[in-house]
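# Tertiary structure, described
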Amino acid sequence: MVMDILISGGAGFIGSQLALKLIALGHRVTVLDNLSPQVHGQQAYTNSYLFGQIRDHVTFVAGDVTTRYDWEQCLEGKDAVVHLAAETGTGQSMYQVAHYTEVNVGGTALLLDALINTSSHSVKKVVLASSRAVYGEGRYRSADGRKVYPPLRRKSELDRGNFDVCIDGVLGPLTLEATDEDARLHPVSIYGLTKLQQEQLLMMACNTIDVAPVILRYQNVYGPGQSLLNPYTGILSIFSNLIRQGREINIFEDGRESRDFVYIDDVVDATILALTNPLADGQVLNIGSGVATTVLEVAETLMKHFAKTTPMRISGNYRLGDIRHNVADISRAATLGYLPKVTFDEGIRRFVGWVNGQRHVDNGFEQSLKEMAERGLFK
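Before going into details, it helps to say that this report is about the structure given with it. (Residues numbered from 1 in each chain as written. Predicted model: local features only at pLDDT ≥ 70, side-chain atom pairs only at ≥ 80, totals over all residues. Heavy atoms only, no water.)

## Topic: the pairing of strand 4 (residues 80-83)
Side chains Ala 80 and Val 82 of strand 4 all project onto a buried face; the interleaved residues Val 81 and His 83 project onto the opposite face, where all are buried too. As paired strands, strand 1 (residues 4-8) and strand 4 are joined by four bridges and run parallel to one another. Bridge pairing in strand 4 places Ile 7 opposite Val 82. Of the strand pairs in this sheet, strand 4 and strand 5 (residues 125-131) are connected by four bridges, and their pairing is parallel. Pairing of Ala 80 across the sheet is with Lys 125, part of strand 5. (Buried < 20%, exposed > 50% of the residue type's maximum accessible area, 1.4 Å probe, protein only. Helix = DSSP H or I, 4+ residues; strand = E, 2+ residues; numbered from the N terminus. Pairing = 2+ DSSP bridges.)

So, in structure tokens, the structure goes:
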């Protein structure tokens, strides 16, 4: 069935790739996006790679999710909404609290308010792009076999160079486990908290109207097209810029911290599955690779595919709000047909091939660290 689909944030990394795939499948797509300079640069209409990909293929509405009118003018005649628009920097969220709350929570509230109070729309499904950040540190197993959920790591321990998670009263090392959707939700950053509030708003509001909610908890999404400008997200982009310039890579903590990296094509396929499969309605689904990759492995894999070696310094620096480890249990999504196809090594090969065709940019990474340090959030 051909659908009319609205994608908020549809000119961004995930949204633009999703829009192109949906159009190739025969669907009609409207994009609502403010073309944020942090993602697209200062001259987005002429210079943004991502916007250029979709410009001639979608109905584009230049607007903002924090403006009710912009939602209302986009919703009429739509069958489904994919709500991607959000501020996504974990570190930045810790000192731009009001802004992250306004965009992420307020923007979602305006969408739902419009759906509830506007009788002319025909929306039957909303797919929300949530995040692994709602889990905080996720699930571990204690030495005596219990499932445990570590809290935010203490600054005093990080200052001592003790980066591993711990729980008061729990003896022995904790073993990382894949985190499933029923794990405890305890975000350790403002960003993670806003994503959890988005989820709660969606589930509660959609229960009052004939609209099916689907929540996708994306892990660390990467691949060709991700912003090389945004210093607050994307370790791959940050490291790539440094490698291309032959500059030293500052490896935070001890380099053994890990994330679940999932390739953009697999995320797009999962999102389309959520849109088109009725069995996804009402579900919360982890979308990841199910594999943990350390920061050191990221740097080494990038250098391999750039065929260029640059110095690495394991500095012990850290950012408050960062988690230690993360890996998703993706078995629930697998029951609906989700299967990640692209390995990390192959995904990095494709990503590096794309990066090599882009111009060098200053993404302001050092300035972002300075801003955090001034607020006591980076050391």
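## A few points about the sheet that holds strand 6 (residues 140-141)
In space, the three strands of this open sheet follow the order 7-6-8, with antiparallel pairing throughout. Lying at the two open borders of the sheet, with one neighbouring strand each, are strand 7 (147-148) and strand 8 (175-176). Alignment of strand 6 against strand 8, held across two bridges, turns out to be antiparallel. The residue of strand 8 that forms the bridge with Arg 141 is Thr 175.

## Some thoughts on the layout of surface pockets
In this structure, the second largest pocket occupies an estimated 340 Å³ of space. Split into classes, the residues belonging to the lining of the second largest pocket amount to seven nonpolar, 10 polar and one charged. (1 Å grid on protein atoms, 1.4 Å probe; cavity = no way out; pocket = protein on both sides within 12 Å on 5 of 7 lines; lining within 4 Å. Points joined across faces, edges and corners; volume = space filled by probe spheres on them. Nonpolar A, V, L, I, M, F, W, Y, C, P; charged D, E, K, R; others polar.)

## Digging into empty space enclosed by the protein
With the rule as written, the count across this model stands at two cavities of 30 Å³ or more. Within this model, the largest cavity holds a volume of roughly 60 Å³. In this structure, the largest cavity is lined by Leu 216, Ala 270, Leu 273, Ala 274, Ala 280, Leu 285, Ile 287, Ala 333, Leu 336 and Tyr 338. Among the elements of the structure, helix 11 (264-276) and strand 13 (284-287) are those that each provide at least two residues to the lining of the largest cavity. By residue number, the principal contributor to the lining of the largest cavity is helix 11, which donates three residues. Its residues placed into classes, the lining of the largest cavity shows 10 nonpolar, no polar and no charged. One number sums up the size of the second largest cavity: a volume of about 40 Å³. Taken together, the residues of the lining of the second largest cavity break down into three nonpolar, four polar and one charged.

## Regarding the nonpolar core
Judged by nonpolar contacts, the single largest core of 78 residues is most densely connected at Ile 7, Tyr 218, Leu 236, Phe 239, Ile 287 and Leu 302. Counting 23 residues, the second-largest nonpolar core is a separate cluster that includes Trp 71, Leu 75, Leu 111 and Ile 215. (Core = buried A, V, L, I, M, F, W, Y, C linked by side-chain atoms within 4.5 Å.)

## Remarks on the environment of Asp 180
Summarising the element assignment, Asp 180 is placed in the loop between strand 8 and helix 9 (190-206). Asp 180 gets classed as buried once you look at its relative accessible area, which sits at 18%. When the C-alpha atoms of Asp 180 and Val 284 are compared, they prove to be 10.0 Å apart, with 104 residues separating the residues in sequence. Side chain to side chain, Asp 180 and Arg 139 meet in a polar contact 3.3 Å long. (Polar contact = N/O pair within 3.5 Å; in protein donor to acceptor, adjacent residues only side chain to side chain.)

## Thoughts on the sheet that holds strand 13
With respect to topology, seven strands assemble into an open sheet ordered 3-2-1-4-5-9-13, the strand pairing being parallel. Both edges of this open sheet fall to strand 3 (59-62) and strand 13, since each of them pairs with a single strand only. On average, each strand axis in the sheet is tilted by 20° relative to the strand beside it, whichever way the strands run. Sheet topology places strand 2 (residues 28-33) next to strand 3; four bridges connect them, and they run parallel. Residue Asp 33 lies in a different strand from strand 3, and its bridge partner there is Ala 62. Each of strand 1, strand 2, strand 3 and strand 4 is contacted by helix 5 (residues 68-75), which is oriented at about 160° to strand 1, the strand it contacts most. Of the strands in this sheet, strand 4, strand 5, strand 9 (212-218) and strand 13 touch helix 9, which is tilted by about 160° from strand 5. (Axes fitted to C-alpha atoms, helices over the stretch in contact; angles between N-to-C directions. Contact = heavy atoms within 4.5 Å.)

## Some thoughts on unusual backbone geometry
In this structure, Glu 253 is a non-glycine residue whose phi angle is positive, near 50°. Position of Glu 253 among the secondary structure elements: in the loop between strand 11 (249-251) and strand 12 (258-263). Overall, the relative accessible area of 4% leaves Glu 253 in the buried class. Positive phi, normally seen in glycine, also occurs at Ala 307, with a value near 55°. Relative to the assigned elements, Ala 307 resides in the loop between helix 12 (295-306) and strand 15 (312-314).

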